[in-house]
Amino acid sequence: RPSLLNSRLSTMTVSHQEIREIIINSARNTFSKFGFQKTTMNEIAKAVRKGKSSLYYYFKSKEEIFEAVVEKESRLLTEEIQSSIEKEDTPQKKIRTYFIIRTKLTNRLANFYEILKDEYYQHYSSITKIREKHFENELKMIKSILMDGVEKGIFVIRDIALTSEAIITALKGFEHAWASEKDFSLIERNIDGLLDIIFFGLNKRVPDKLT
């Protein structure tokens, strides 16, 4: 069976960027299967069904391909979360959707989540920049939702920046445990329990006096 790259080349003139994209998409599966450290350029070439030497025309190294892969997955995550929360009509629903979508995509975007939890990648400045950029994008989304809630009189928040970081950090703290859970309905219940704490706090609420 001809490779995806070969079949595309045989039917049309393919741009340099399009071939890079084909390599990135094939490499995503390879890195997800073997992990960054165990994946070789030979395995990536095999997945693309091209000679290893041809890959170096588009990427300088395995590291550069991996950077392109995680950058793409970061972008896909941001776009899908943004698209989903824009469909919701309240700040509370937007934050819940942010939690749900981010958690659901953990397995599908395995390479990106690998760089988030593995300190091995702290030695790669380019990977660190991708992580930092993604965190900034998430922070921006959460801040926007919280500001909207404050403006509508739904939330009372002393420090929006700090609260935004706390929400993202809280979600990250559960990612590893939730990633191994097969029953997503249980994860949703856990998310709702966490959101109860975020929205209502820990203090016992005293009902208004009857008048």
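Conventions and cut-offs
Residues numbered from 1 in each chain as written. Predicted model: local features only at pLDDT ≥ 70, side-chain atom pairs only at ≥ 80, totals over all residues. Heavy atoms only, no water. Helix = DSSP H or I, 4+ residues; strand = E, 2+ residues; numbered from the N terminus. Contact = heavy atoms within 4.5 Å. Buried < 20%, exposed > 50% of the residue type's maximum accessible area, 1.4 Å probe, protein only. Axes fitted to C-alpha atoms, helices over the stretch in contact; angles between N-to-C directions. Left-handed = near helix turned anticlockwise from the far one by under 90°. Nonpolar A, V, L, I, M, F, W, Y, C, P; charged D, E, K, R; others polar. Expected span 1.5 Å × (residues − 1). Parallel < 35°, antiparallel > 145°, perpendicular 65-115°, else oblique.

Undergrad: Go over the side chain of serine 84, please, and point to the residues and values.
TA: By secondary structure assignment, the location of serine 84 is in helix α5 (residues 62-85). Apart from the residues within four sequence positions on either side, serine 84 is in contact with Thr97 and Ile101.

Undergrad: How would you explain the environment of phenylalanine 31 if you had to name every residue and give the values?
TA: By secondary structure assignment, the location of phenylalanine 31 is in helix α2 (residues 16-34). Given a relative accessible area of 1%, phenylalanine 31 falls into the buried group. Setting aside its immediate chain neighbours within four residues, phenylalanine 31 contacts Phe36, Thr39, Ile44, Lys62, Ile65, Phe66, Val69 and Asn111.

Undergrad: So what's going on with the packing of helix α6 (residues 91-104) against helix α9 (residues 160-179)? Which residues, and what values?
TA: Where α6 meets α9, the axes come as close as 11 Å, and the angle between the chain directions of the two elements is 35°. Where α6 crosses over α9, the handedness of that crossing is right-handed. In this structure, α6 contributes Ile95, Tyr98, Phe99, Arg102 and Thr103 to the contact, and α9 contributes Ile167, Ile168, Leu171, Lys172, Glu175 and Trp178. Split into classes, the residues belonging to the contact of α6 with α9 amount to seven nonpolar, one polar and three charged.

Undergrad: Now, about α2: what can you tell me, with residues and values included?
TA: Under the 1.5 Å per step criterion, the end-to-end length of α2 is 27 Å for 19 residues, consistent within 8% with the ideal 27 Å. Where α2 is concerned, the buried positions are Ile19, Arg20, Ile22, Ile23, Ile24, Ser26, Ala27, Arg28, Thr30 and Phe31.

Undergrad: For the packing of α2 against α5, give the residues involved together with the corresponding values.
TA: The interhelical angle for the contact between α2 and α5, taken along N-to-C directions, is 90°, at an axis separation of 9 Å. The angle between the axes of α2 and α5 places the two elements in the roughly perpendicular class. Between α2 and α5, the contacting residues are Arg20, Glu21, Ile23, Ile24, Asn25, Ala27, Arg28 and Phe31 on the first element and Lys62, Glu64, Ile65, Phe66, Ala68, Val69, Lys72, Glu73 and Leu76 on the second. Across the contact of α2 with α5, the residue classes tally to nine nonpolar, one polar and seven charged.

These values are about where atoms sit, not about what they do.
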